[in-house]
Amino acid sequence: MKKVTALVLALLMTVTLLAACGSSGTAGGTAAGSAAASASGSAAASVKEKKFVFQCVGTDQGTDYITANSFADTVSKMSGGAMTIKVYGADQLAGGNTNKALEMLAKGEVDMGCYAQSVCANINPLIGICTLPWTFVSYDDVNEKMSGAAGEYLKKQFESTGIVWLDYTHNALRQLSNSKHTVATLADLKSLKIRVPGGNVFMDTWKALGADPTSMAWSEVFTALQQKTIDGQENGAKTSQSNSIEEVNKYWTVWNYAYDGYPLLVNKNVWDSLDATQQGILQDAAKEVCAASRTKVETDEEGIWASFEKDNGCEITRLTEDQLKPFQDAVASVVESYKNTFGKDAYDAFGIKW
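Summary of the structure given here. None of these values were measured; they are calculated from a predicted model.

What follows deals with the overall build of the protein. A tally of regular secondary structure across the protein gives 16 helices and nine strands. Counting the 354 residues in the protein, one finds 47% classified as buried. Entry remark: accessible area of the protein is about 16700 Å², with carbon and sulfur atoms responsible for 53%.

Among all positions of helix α8 (residues 200-208), only Val 201, Phe 202, Thr 205 and Trp 206 are buried. Projection of α8 onto a plane perpendicular to its axis shows the buried side chains occupying an angular sector of 120 degrees, all on one side. The exposed residues of α8 that point more than 90 degrees off its buried face are Asn 200 and Lys 207. Gly 210 lies just past α8 and shows a positive phi near 90 degrees.

Pairing between side chains becomes possible if they bear opposite charge and their charged atoms approach one another. Here the structure, examined in full by the defined rule, presents twelve salt bridges. The residue Lys 145 makes a salt bridge to Asp 141 at a minimum N-O spacing of 3.4 Å. Of the two residues, Lys 145 and Asp 141 are both situated in helix α5 (residues 139-146); the distance of four residues between them amounts to about one turn of the helix. For Lys 145, a relative accessible area of 18% translates into the label buried. Judged by its relative accessible area of 15%, Asp 141 is buried. Put simply, Asp 348 and Lys 344 hold a salt bridge, and the shortest N to O gap is 2.8 Å. With Asp 348 and Lys 344 both in helix α16 (residues 344-350) and four residues apart, the pair spans about one turn of that helix. Residue Asp 348 is classed as partly exposed on the basis of its relative accessible area, which comes to 42%. Taking relative accessible area as the criterion, Lys 344 reaches 41% and is therefore assigned partly exposed. Salt bridges sharing partners connect three or more residues here, namely Arg 174, Glu 234 and Asp 260.

With that settled, the discussion passes to the environment of Asn 269. Relative to the assigned elements, Asn 269 resides in helix α11 (residues 268-272). In this structure Asn 269 comes out as exposed when scored by relative accessible area, which is 58%.

Within the largest apolar cluster, 38 residues are counted, with the highest numbers of intra-cluster contacts made by Ile 129, Leu 132, Met 146, Phe 342, Tyr 347 and Phe 350. Those elements giving two or more residues to this core turn out to be α3 (98-107), α5, α6 (149-159), β4 (163-178), β8 (251-267), α14 (332-337) and α16. In terms of residue count, β4 provides more of this core than any other element does, five residues in total. For Leu 132, the residues in contact, after removing those within four places along its chain, are Val 201, Tyr 257, Val 335, Tyr 338, Phe 342, Tyr 347 and Ile 352. Among the nonpolar cores identified, the runner-up in size contains 29 residues, and Ile 85, Met 112, Ile 281 and Val 289 belong to it.

This brings us to the pairing of strand β6 (residues 212-215). One face of the sheet, then the other: side chains in a regular strand alternate in exactly this way. Note that strand β5 (residues 193-196) and β6 share four bridges and pair parallel. Pairing of Lys 193 across the sheet is with Asp 212, part of β6. After leaving β5, the chain enters α8 and then returns to the sheet as β6, a path that is right-handed.

Our focus in this paragraph is the environment of Ala 106. Mapped onto the fold, Ala 106 is located in helix α3. Between the alpha carbons of Ala 106 and Gly 162 there is a distance of 5.5 Å; along the sequence they are 56 residues apart.

This paragraph deals with the pairing of β8. Counted residue by residue, β8 has 16 buried out of 17 residues, so it is predominantly covered. As paired elements, strand β3 (residues 112-114) and β8 share three bridges and run antiparallel to each other. The residue of β8 that forms the bridge with Met 112 is Val 266. Here 13 bridges tie β4 to β8, and the two strands are oriented antiparallel to one another. If you follow Asp 167 over to β8, its bridge partner there is Leu 264. Pairing of β8 with strand β9 (residues 315-318), which is carried by four bridges, proceeds in the parallel orientation. Across the sheet, the residue bridging to Val 254 is Arg 318, located in β9.

What follows covers the side chain of Glu 234. Of note, Glu 234 is situated in strand β7 (residues 232-235). Classification of Glu 234 as buried rests on a relative accessible area of 0%. Here Arg 174 takes part through its side chain, which lies 2.6 Å from a polar atom of the side chain of Glu 234. Reaching out from Glu 234, the side chain makes a polar contact with the side chain of Tyr 257 at a distance of 2.7 Å. Residue contacts for Glu 234: discarding those within four places in its chain leaves Arg 174, Gln 175, Leu 176, Ile 194, Arg 195, Val 196, Pro 197, Phe 202, Trp 206 and Tyr 257.

What counts, and at which threshold
- Throughout, residues of each chain are indexed from 1 in the direction in which the sequence is written.
- pLDDT decides what is reported in this predicted model: residues at 70 or higher carry local features, side-chain atom pairs at 80 or more are listed and counted, and totals for whole chains, interfaces and linings draw on all residues regardless.
- Where side-chain values are given, they derive from all heavy atoms of the structure, hydrogens and water being excluded.
- Secondary structure elements follow DSSP: runs of H or I of four or more residues count as helices, runs of E of two or more count as strands, with numbering from the N terminus.
- Classification of residues uses two cut-offs on accessible area relative to the type maximum, computed with a 1.4 Å probe and protein chains only: under 20% is buried, over 50% is exposed, and between them is partly exposed.
- Accessible surface is estimated by sampling points in the Shrake-Rupley manner with a 1.4 Å probe; for residues, cover comes only from the protein chains shown.
- The arc under discussion is defined with respect to the helix axis, by the directions toward the C-beta atoms.
- We define a salt bridge as a contact between a side-chain nitrogen of Lys or Arg and a carboxyl oxygen of Asp or Glu at a distance within 4 Å.
- Definition of nonpolar core: a set of buried residues of the types Ala, Val, Leu, Ile, Met, Phe, Trp, Tyr and Cys, connected through side-chain atoms within 4.5 Å.
- Whether two residues are in contact is decided by their heavy atoms: any pair within 4.5 Å suffices.
- Here, strands pair whenever DSSP counts at least two bridges between them.
- Whether a crossover is right-handed comes down to one check: with the strands pointing away from the viewer, does the path from the first strand over the helix to the second run clockwise; if it does, it is right-handed.
- Here a polar contact is recorded for every N or O atom pair within 3.5 Å, except that within protein the pair must consist of a potential hydrogen donor and a potential acceptor, and residues adjacent in sequence are included only if both atoms are side-chain atoms.

By themselves, these figures tell us nothing about what the structure is for.
Quick look at the structure:
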């Protein structure tokens, strides 16, 4: 009996030990999983909550609006939902007034924005150097300069207005369209009434080219072209397409005569109020989103030109270097005349001959 009892006890001890080993293994796995989950949770929890208001001029088809919403999504994901951005298009918080919207951003009445550099020159004229004619010859040229001295120069100019530059995407290299005829020589531009966005650089450039420039709000351009109040306009392919310009202008000249960018911007006081983790998330998200947006703008353009030709019967004229030279010579005096406005440091940063 004693031997049976001893055997039973031995078996019970063995079972207990096996269970303990199995339990220990399971507990070890659970503990590791719990630790990983805890680490992940603590990482998300370490990001302080913050809500941002973002305003831009574009709507659902605009590169600025699309980029802003992608930025909002990416920031939310990177922060585990702790940081959220509400995007308002069409400058609706400013009643559609872009100049007022920029003032709101500079004052901190909105936290973030995305505006064309040419428009931002209204709050700091030195930003307007990017619109000098033929400062850039291609998107590769843009990306090289903007990732270097040109970008650093612009960051400083924005910061002087109380705004922090995070990164940039393309508005576009600007091209010409008109309803009259092919433009391939200086003589073809003579007296053409061309809408420009305003600003002395644009006005002086187009006068030097022999055209008749007129400043007009973008929202009015399609109707003005339709009614023949103006003959043409200059803008990027996507921006033109978003306003259906191909329906009223059949002649297009691809010549990359000027560049405009869309920087992602943050009010400086708002930026300074954030901790290093929050700032890092915004910077990383901006870098990722803007790189993707730039690539999309660059690759989409060829499809846009093709659709203009195939679907709308447009004529696309691409000027060669030799064809461009007379136009570039015609505006050389304009580039020279702005030396006193922008200064040698700016010209050097953008690779413009001093």
